[in-house]
Every structure is written in C-alpha cells, then in structure tokens.
Amino acid sequence: MSLSDIIVLNVGGTRFETTRATLVSQPDSMLAKMFDPDSPLVPAKPKDDAYFLDRDPETFKVILSFLRSGQISKSCHNISDLLLHEAQFFQLPGLEAKIQEIQAKNVSGQDILNKLSQIVTKIDALEENRVSVMEKRKLMTEFREWMQEDLRNSEYFIRCGGKKY
C-alpha cells in the first residue's frame, strides 16, 4: 500500500476515484484514519473493488474537493447544515471553519426583508412628495444592485455542481 494507490469509493451509490494521498491529506480526519496504511482503523472490505460509505454523495463531492485543494470552490458554495454535519462526521475542522465563515457572510432572509422595507418606505415618501419617476427608478436600481451584490452568496441562491440546493 502506497500513497499513490488509486482508491475507489462508493458513496451512497455514486462512484468516486481518488488517491490514498488525497484521503489522508487531513491526518486527523476519519478518512485518513481509515485509509492510512499505518492506521489500525481500516475500512470494510471493498465490494466490486469499491469501499462503500453510506453517506450523501453530493456533499461528499465537496468534501473530496476540499481534501484535494484545501478550499471550497466558489462555484460550489452549497453551505448547508448537511455539509457542516458531514464535515463534523468526517472530522475535518478546517472544512468546518470554512463553511462557518461562508455561512456568516450569507445574507439572511430577514436582511432581505429589512432592505426591501427601507426601499418601499423611500418610494412611498417619494410618491407623497410627487417626486419624479426617475428618482423612483434610481431607488429601484439601487435595490437591485444591492440584491445582486449581497445575495450572490446567500444559501438561497447558491449553486453547487449545476444543481440548486
């Protein structure tokens, strides 16, 4: 057994191929303990040349990507409670920290409602003062730009691997 060995995993019915080096890249993780040649904790015997892990394959794809790069891809920010739970299950504190950092930056639904309420209040005030349509459009443009900027990373609009979560 060497670190360059190709390991085939069946995660919840989805096949993944990676190297042993990737799986042991976070030494204190459960995967490292399972696939480190010197570890007493060994995975179950493979069936059809694949080690079976009864976990969610969509979140495992993000976990495997993190093990490969140490990062969470910007195109794959599915920062859900399930991903955080899986990071905890696999004992990946670095991934947990990155998930929590991204979650902290996400805009909450209440933030959206508060900003919308502010804009509506401004529009109502403009109507009372019979301010021009151009001023109203300017406020709506301001709101749209705010939404595009601040909600881009919101968990309500995040896509991961081409799928909406």
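Residues numbered from 1 in each chain as written. Predicted model: local features only at pLDDT ≥ 70, side-chain atom pairs only at ≥ 80, totals over all residues. Heavy atoms only, no water.

1. Description of the overall build of the protein
If you tally the helices and strands in the protein, you get seven helices and five strands. Counting only residues that meet the buried cut, the protein has 35% of its 165 residues in that class. Considering only contacts within the protein whose residues lie at least 6 apart along the sequence, 57% involve residues at least 24 apart. Summing over all exposed atoms, the protein offers an accessible surface of approximately 10,400 Å²; the carbon and sulfur share of this is 51%. (Helix = DSSP H or I, 4+ residues; strand = E, 2+ residues; numbered from the N terminus. Buried < 20%, exposed > 50% of the residue type's maximum accessible area, 1.4 Å probe, protein only. Contact = heavy atoms within 4.5 Å. Areas by Shrake-Rupley, 256 points an atom, 1.4 Å probe, with all protein chains shown as cover.)

2. Some thoughts on unusual backbone geometry
The phi angle at Asp49 is positive, at roughly 65 degrees, despite the residue not being glycine. Residue placement: Asp49 occurs in the loop between α2 (30-35) and β3 (51-53). One non-glycine residue, Gln91, lies in the positive phi region at around 55 degrees. The residue Gln91 is located in the loop between α4 (81-89) and α5 (93-105) in this model.

3. Some points on the packing of helix α3 (residues 57-69) against α4
α4 packs onto α3 with a crossing angle of 60 degrees between their chain directions and a minimal axis gap of 10 Å. By the criterion of interaxial angle, the relationship of α3 to α4 is oblique. Crossing geometry of α3 relative to α4 is assigned as right-handed. In this structure, α3 contributes Thr59, Val62 and Ile63 to the contact, and α4 contributes Leu82, Leu83, Glu86 and Ala87. Here the residues of the contact of α3 with α4 are counted per class, giving five nonpolar, one polar and one charged. (Axes fitted to C-alpha atoms, helices over the stretch in contact; angles between N-to-C directions. Parallel < 35°, antiparallel > 145°, perpendicular 65-115°, else oblique. Left-handed = near helix turned anticlockwise from the far one by under 90°. Nonpolar A, V, L, I, M, F, W, Y, C, P; charged D, E, K, R; others polar.)

4. Details of the packing of aromatic side chains
To describe a pair of aromatic rings, one takes the distance between the centres and the angle between the planes. Taken as a whole, this structure holds four aromatic pairs when the rule is applied. Seen from their ring centres, Phe35 and Tyr51 are 5.2 Å apart, and the 80 degrees between their planes marks the pair as edge-to-face. With Phe35 in helix α2 and Tyr51 in strand β3, this residue pair connects regions lying 16 residues apart in the sequence. Aromatic pair Phe89 and Phe90: ring centres 5.0 Å apart, planes at 85 degrees, arrangement edge-to-face. By relative accessible area, Phe89 is classed as partly exposed at 30%. The buried category is assigned to Phe90, whose relative accessible area is 1%. These aromatic residues form a ring-pair network of at least three members: Phe16, Phe60, Phe89 and Phe90. (Phe/Tyr/Trp six-rings, centres within 6.5 Å; stacked < 30°, edge-to-face > 60°.)

5. Quick look at the pattern of salt bridges
Counted under the stated rule, the structure contains four salt bridges. For Glu86, the salt bridge is made with Arg55, and the minimal N-O distance between the two is 2.5 Å. Taken together, the residues span a long stretch of sequence, with Glu86 in helix α4 and Arg55 in the loop between β3 and α3 at a distance of 31 residues. Note that Lys61 is salt-bridged to Glu58, the shortest N-O span being 3.7 Å. Taken as a pair, Lys61 and Glu58 lie in helix α3 at a separation of three residues, close to a single helical turn. For Glu58, a relative accessible area of 23% gives the class partly exposed. (Salt bridge = Lys/Arg side-chain N within 4 Å of Asp/Glu carboxyl O.)

6. Quick notes on the environment of Asn10
Locating Asn10 in the fold gives a position in strand β1 (residues 6-11). For the pair Asn10 and Ala50, spaced 40 residues apart in sequence, the C-alpha to C-alpha distance is 5.7 Å.

7. Overview of α4
Among the residues of α4, Leu83, Leu84, Glu86 and Ala87 are the ones counted as buried. Projected down its long axis, α4 carries its buried residues within an arc of 160 degrees, all on one side. Buried residues belonging to α4 abut α3 and α5. At the exit of α4 stands Gln91, carrying a positive phi of roughly 55 degrees. (Arc of directions from axis to C-beta.)

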